[in-house]
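Each chain is listed here by its residues.
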Amino acid sequence: MTDDLSQYAELASRGPYGVAIGSALITMVEPHPGHEYGYNRWYEDDHFYAGAMAMPWMFAGRRWVATRDLQLLRYPEKSAVAEPVTAGCYLSVYWITEGRHDEHMRWTIGINRRLNRDGRVYRDRTHVFTSFQQHAGVAYRDGAAGPRDIHALDQPYQGLVLEVVDCESAEQRDQLLDWLLERGLPGRLRTGGPAAMCVVFRPLPLPVDKMSYVKSVDGTDTRLTLLWFLQEDPRTCWSAFTGLDADVAAAVPGARVELVAPFVPTLPGTDLYVDQLR
C-alpha cells in the first residue's frame with residue numbers, strides 16, 4: 001500500500017498543471033422511455049462523481065437538461081447529430097486540464113471498466129452525441145471584465161446552447177474557425193446580449209479500447225462544437241440564436257449547422273424537470 005500511495009505524490013510532482021482548458025468531455029444522452037427517473041438518479045448520485053469528477057485532471061463539470069419545450073426549439077429538422085432532432089435530453093460538460101488529456105483518458109477507461117464490472121453503469125440510455133473535444137478558442141461578450149472559460153461550468157448561467165457545425169474538409173473547418181473567432185462570434189456576442197461567452201471545440205477520436213456502448217466520433221477532421229453560455233433562460237431569448245445556420249453558410253459556403261439545441265441547468269441532487277422530458 002505504501003508503494004501504491006507514493007505513486008500519487010510522484011505523478012503530482014511532474015507534468016503540466018496550469019489552470020486552462022485543454023479538452024472537454026461533451027456528452028448528450030437520451031434515457032430510454034420509462035427510465036427517466038432511474039437514469040437521473042444514477043447520474044446525479046453516482047456517475048457524475050465516480051465516473052467523472054473524482055478523476056484526475058477533470059477540474060469542472062455541470063449537467064444540463066432539455067425539457068420537451070426546449071427540445072422543440074432545436075434545428076435543423078434533419079440533423080446529422082440527433083435523429084430525431086429532439087433526441088438527447090441530458091447534456092453533461094466537463095473541463096480537462098491542458099496537457100493532461102492522455103493521462104485522463106487512461107484513467108477514465110480504467111474506471112469505466114471497473115464501474116461496468118461492478119454493475120454501476122446504467123444500461124437503459126443512448127449516447128446521442130458523446131466525445132472528448134480539444135479546446136479551439138473562445139470569444140467573450142464582456143472582455144476582461146467577465147468570467148473566463150475556465151469559470152463557465154461554475155458560474156450560475158441560466159442556459160446553454162449547443163451548436164454543432166460540419167464542414168466539407170479540414171481546410172474549410174480551419175477557415176470557419178478563423179471566421180468565428182475573428183468576426184462571427186464577436187458579432188453575436190454584442191454588449192447586453194444573453195450570451196456571456198462562446199467556447200469552441202474540435203472533436204477528438206476515441207481510443208480503440210473505448211466502452212462498446214459509446215459510438216465512434218464523427219467529423220474528427222471536419223466538425224466544430226460550440227457552447228454558448230447564457231445569462232438568461234434560452235426560452236426568453238431564443239430569437240438571438242435563430243439564423244446561426246444562415247450565418248455559417250454565408251461565411252463559408254459548404255459549411256452547415258447540424259444542430260442548435262438549448263438547455264437549462266439541472267439542480268444537483270434533485271429530479272427537477274424529469275417529468276417534463278416527454
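Anything mentioned here points back to the structure above.
This text gives an overview of the structure that appears in the document. (Residues numbered from 1 in each chain as written. Predicted model: local features only at pLDDT ≥ 70, side-chain atom pairs only at ≥ 80, totals over all residues. Heavy atoms only, no water.)

**Some remarks on the sheet that holds strand 7 (residues 223–230)**
Two pairing modes exist for strands in a sheet, parallel and antiparallel, and in both the strands are linked by backbone hydrogen bonds. The eight strands lie next to each other as 1-3-2-8-5-7-6-4, forming a closed barrel whose pairing is antiparallel. In this sheet, neighbouring strand axes are inclined to one another by 35° on average, regardless of whether the strands run parallel or antiparallel. Sheet analysis places strand 2 (residues 58–65) next to strand 8 (residues 256–265), joined by two bridges and oriented antiparallel. Bridge pairing links Trp64 to Pro265 in strand 8. Contacting strand 1 (21–31), strand 2, strand 3 (90–97) and strand 4 (125–140), helix 4 (residues 101–117) runs over the sheet at an angle of about 165° to strand 4. (Pairing = 2+ DSSP bridges. Helix = DSSP H or I, 4+ residues; strand = E, 2+ residues; numbered from the N terminus. Axes fitted to C-alpha atoms, helices over the stretch in contact; angles between N-to-C directions. Contact = heavy atoms within 4.5 Å.)

**Some remarks on the environment of Phe132**
One can find Phe132 in strand 4. With relative accessibility at 8%, the residue Phe132 sits in the buried group. Separated by 21 residues in sequence, Phe132 and Leu153 have C-alpha atoms that sit 16 Å apart. Setting aside anything within four residues of it in sequence, one finds Phe132 in contact with Ala24, Leu25, Ile96, His101, His104, Met105, Thr108, Pro203, Leu204 and Leu206. (Buried < 20%, exposed > 50% of the residue type's maximum accessible area, 1.4 Å probe, protein only.)

Functional significance is not addressed by these values, which are geometric in nature.
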